[in-house]
Amino acid sequence: MEKKVLVLNLDHTPVAVVTVQKAMVLSILEKVSILADYSFLSIRTVDQEFKYPAVVRLDEYKNVPYRGVLLNRGNLFKRDNNECQYCGSQKHLTIDHVVPRSKGGKSSWTNLITACHRCNVQKGDKTPEEVGFLMKRRPFKPSLSYFLSEYAEKNAEEWMPFLEVRTVQSD
């Protein structure tokens, strides 16, 4: 698997993840500065050797509108570690509204959780408190850094000093 490169804005906020080829082109065009590299990798040409970039910073501030993390099934499951927030099962996962829609619950990061089919059916049209369920953790709106740090923990530890690790934002 090819390593990815984290792109930071001039103020060190993450703005993108790109391929090493894109990062090298930006570096050669002097649009970015390399802040960290993968020490065990390099890029070789016939007569030169370059460090393999891990984190680059734009040399000019770019006004990138922050759209937030998209609320979808995949991101919700990822936030909840692909497990039911009531019993911990990793099978037959569904999405549950903590406060049911029939009781005014919205489809938002702070009201949706991952639940197995069995727990979701058992909970039905009630709140967790009404059926005696305890959640493993309260639902929250994840930041972009939250998801990037998850990737970094597994694939790019060089990114960690540049990310707000596991930050939680309110809705």
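Residue numbers here run from 1 along each chain, matching the order of that chain's written sequence. Predicted model: local features are reported for residues with pLDDT of at least 70 only, side-chain atom pairs are reported and counted for 80 or more only, and whole-chain, interface and lining totals are derived from all residues. The basis for every side-chain value is the complete set of heavy atoms in the structure, and neither hydrogens nor water enter the calculation.

Right, let's talk about the overall build of the chain for a bit. Summing up its helical and strand segments, the chain has five helices and eight strands in all. If you list the helices and strands of the chain from N to C, you get β-β-α-β-β-α-β-β-α-α-β-α-β. To get the radius of gyration, use the C-alpha atoms; to get the globule rule, take the number of residues to the power 0.38 and multiply by 2.2 Å. Taken against the 2.2 N^0.38 rule, which gives 16 Å for 171 residues, the C-alpha radius of gyration of the chain at 20 Å runs more than 25% over that of a compact globule. Along the longest, intermediate and shortest principal axes, the C-alpha atoms of the chain span 70 × 30 × 20 Å. Classification of the 171 residues of the chain by burial places 39% in the buried group. Here the contacts in the chain between residues at least 6 apart in sequence split such that 59% fall between residues at least 24 apart. Here the Shrake-Rupley method, with its probe set to 1.4 Å, supplies the accessible areas, and only the displayed protein chains count as covering residues. When the accessible surface of the chain is split by element, carbon and sulfur atoms take 52% of a total near 10200 Å². Note on charges: Lys and Arg go in the positive column, Asp and Glu in the negative column, and His and the chain ends are not counted at all. Charged side chains are reduced to one point each, which is NZ for Lys, CZ for Arg, CG for Asp and CD for Glu. For the chain, the centre of its 25 positive side-chain charges and the centre of its 20 negative side-chain charges are spaced 8 Å apart. Helical segments are the DSSP runs of H or I of at least four residues, strand segments are the runs of E of at least two, and each set is numbered from the N terminus. Partly exposed residues are those whose accessible area sits between 20% and 50% of the maximum for their type, while under 20% is buried and over 50% is exposed, using a 1.4 Å probe and protein chains only. In this description, contact between two residues means that some pair of their heavy atoms is separated by no more than 4.5 Å.

A few words now on the pattern of salt bridges. In a structure, side chains of opposite charge can pair up when their charged atoms sit close to one another. One side-chain nitrogen of Lys or Arg within 4 Å of one carboxyl oxygen of Asp or Glu is enough to make a salt bridge. On inspection of all chains with the given rule, the structure shows six salt bridges. Put simply, arginine 44 and glutamate 49 hold a salt bridge, and the shortest N to O gap is 3.9 Å. Residue arginine 44 shares its accessibility class with glutamate 49, and that shared class is exposed. A salt bridge links aspartate 96 to lysine 123, with the shortest nitrogen-to-oxygen separation between them at 3.3 Å. A residue pair is termed long-range when its members are at least 10 positions apart, and aspartate 96 in strand 5 (residues 93-97) and lysine 123 in helix 3 (residues 117-123) qualify at 27 residues. Here the two residues aspartate 96 and lysine 123 agree in accessibility, since each one is buried.

Take the packing of aromatic side chains next. In this scheme Phe, Tyr and Trp rings, the latter by its six-membered ring, pair at centre separations within 6.5 Å, and the angle between planes marks the pair as stacked below 30 degrees, edge-to-face above 60, and tilted otherwise. Tallied over the entire structure, the rule returns five aromatic pairs. Three or more aromatic residues link up through ring pairs in this structure, and these residues are Tyr38, Phe40 and Tyr52. Ring-over charges, as used throughout, are those where CZ of Arg or NZ of Lys falls within 6 Å of the ring centre and within 35 degrees of the ring normal. In this structure, arginine 79 packs its charged tip against the face of phenylalanine 140, placed 5.5 Å from the ring centre.

These figures come from the coordinates and say nothing about function on their own.
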